[in-house]
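# Structure at a glance
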Amino acid sequence: MASQIFIPLTVGGGINTLDDFDRVLKAGADKVSVNSGAIRNSKLIEEAAKKYGDQCVVLSVDVKRVDGKFKVFAKGGRENTGIDAIEWFVQGQENGAGEVVVNSIDTDGVKTGFDLELLSILAKKLSIPIIASGGAGNMEHFKELFKIPGIDAGLTASIFHLKEVEIMELKRYLRDNGVEMRI
């Protein structure tokens, strides 16, 4: 893919070791996203950041509310690790993650909006870029997301795949609503 398109690529899935980082970077990735691998090896983020630089390391976390607390889930959101999600994000930043992807299991796929409560908490605790994932159902959801200071990006798939929203239409809408946007 990297030889065919010329946009920055972040690659994740099955990243468990520094060799995995090396493999995807040599294949053309600009950044590497790690989730379960970091849960299994808490030193992975720190080691990767030292070897490749903070800008290369993306901590992706699947988060779900359990008894009113945000918990980290593994194995595609099927396994509750018992780890406090807010603390995990802070620790990831301290260990050298250059950005985070916040995958809200509670809002993913329901198209009722991003998890603004979780994202607001993280925006106050982190100084690295935050990418929100899970919940977008319309353009207004993005407008609400970007009202939170410290949120850098919103990620969605189905509304684009199903052509419920066109990318350029969303970009124009956000720009027209005061969100800095490159068109």
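Above this text sits the structure in question.
## A few points about the overall build of the protein
Helices and strands together make up the secondary structure of the protein, namely eight helices and eight strands. With the C-alpha coordinates aligned to their principal axes, the bounding extent of the protein is approximately 45 × 40 × 30 Å. A buried classification covers 43% of the 183 residues belonging to the protein. Restricting the contact set of the protein to residue pairs at least 6 apart, pairs at least 24 apart contribute 55%. Just so you have it, the protein exposes about 9900 Å², and 50% of that area is on carbon and sulfur atoms. Computed over 23 positive and 26 negative side-chain charges, the inter-centroid distance for the protein is 1 Å.

## A closer look at the nonpolar core
With 48 residues, the main nonpolar core has Phe21, Leu119 and Ile130 as its most contacted residues. Top contributing element to this core by residue count: helix α3 (residues 44-52), with five residues. Apart from residues no more than four positions distant in its own chain, Ile130 is found in contact with Val100, Val102, Leu119, Leu122, Ala123, Gly150, Ile151, Asp152 and Ala153.

## Brief notes about the packing of helix α1 (residues 18-26) against α3
Direction vectors running N to C along α1 and α3 enclose 45°, while the axes themselves pass 10 Å from each other. Classified by the angle their axes make, α1 and α3 are oblique. For the crossing formed where α1 meets α3, the hand is right-handed. Contact residues: α1 offers Leu18, Phe21, Asp22 and Leu25, while α3 offers Leu44, Glu47, Ala48, Lys51 and Tyr52. Considered class by class, the residues forming the contact of α1 with α3 number six nonpolar, no polar and three charged.

## Overview of unusual backbone geometry
Backbone geometry follows two general trends: most residues other than glycine have a negative phi, and most peptide bonds adopt the trans configuration. The phi dihedral of Lys75 falls on the positive side, at around 55°, and the residue is not glycine. Mapped onto the fold, Lys75 is located in the loop between β4 (69-74) and β5 (79-84). Judged by its relative accessible area of 46%, Lys75 is partly exposed. At Lys111, a position not held by glycine, the phi torsion is positive, near 60°. Within the secondary structure layout, Lys111 lies in the loop between β6 (99-104) and α5 (116-125). Lys111 gets classed as partly exposed once you look at its relative accessible area, which sits at 30%.

## Examining the pattern of salt bridges
One pass over the structure, following the stated rule, counts 12 salt bridges. Here Lys50 ties to Glu46 by a salt bridge, and the two come within 3.3 Å at their closest N and O atoms. A residue pair is termed a helical-turn pair when its members lie 3 or 4 positions apart in one helix, as Lys50 and Glu46 do in helix α3 at four residues. We classify Lys50 as exposed; its relative accessible area is 68%. With its nearest N and O atoms 2.9 Å apart, the salt bridge here joins Glu164 to Lys111. Remark: Lys111 occurs in the loop between β6 and α5 and Glu164 occurs in the loop between α7 (158-161) and α8 (167-176); sequence separation between them is 53 residues. Linked by salt bridges that have partners in common, Lys64, Arg65, Asp106, Asp115 and Glu117 make up one network.

Criteria and cut-off values
- Every chain is numbered on its own, with residues counted from 1 as its sequence reads.
- Reporting of local features is limited, given that this is a predicted model, to residues whose pLDDT is at least 70; pairs of side-chain atoms are given and counted only at 80 or more, and all residues count toward the totals for whole chains, interfaces and linings.
- As a rule here, side-chain values cover all heavy atoms of the structure and leave hydrogens and water aside.
- Each helix is a run of DSSP H or I of at least 4 residues and each strand a run of E of at least 2, with the numbering of both proceeding from the N terminus.
- Three exposure classes are used, based on accessible area relative to the maximum for each residue type with a 1.4 Å probe and protein chains only: buried under 20%, partly exposed in between, and exposed over 50%.
- In what follows, a contact means two residues having at least one pair of non-hydrogen atoms within 4.5 Å.
- Methods summary: accessible areas were calculated by the Shrake-Rupley approach with a probe of 1.4 Å, and residue burial reflects only the protein chains presented.
- The charged-residue count follows a simple rule in which Lys and Arg add positive charge and Asp and Glu add negative charge, with His and chain termini not counted at all.
- Note on charges: their place is set at NZ of Lys, CZ of Arg, CG of Asp or CD of Glu.
- Residues belong to a common nonpolar core when they are buried Ala, Val, Leu, Ile, Met, Phe, Trp, Tyr or Cys residues joined through side-chain atoms within 4.5 Å.
- Axes here refer to lines fitted to C-alpha atoms; in helices the fit is confined to the stretch in contact. Angles between the N-to-C directions go from 0 to 180 degrees.
- Note that the term roughly parallel is reserved for angles under 35 degrees, roughly antiparallel for angles over 145, roughly perpendicular for angles of 65 to 115, and oblique for everything else.
- Crossings are assigned a handedness: left-handed for a near helix turned anticlockwise from the far helix by less than a right angle, right-handed for a clockwise turn.
- Each residue is assigned to one class: nonpolar for Ala, Val, Leu, Ile, Met, Phe, Trp, Tyr, Cys and Pro, charged for Asp, Glu, Lys and Arg, and polar for all the others, Gly among them.
- We count a salt bridge whenever a side-chain nitrogen from Lys or Arg sits within 4 Å of a carboxyl oxygen from Asp or Glu.

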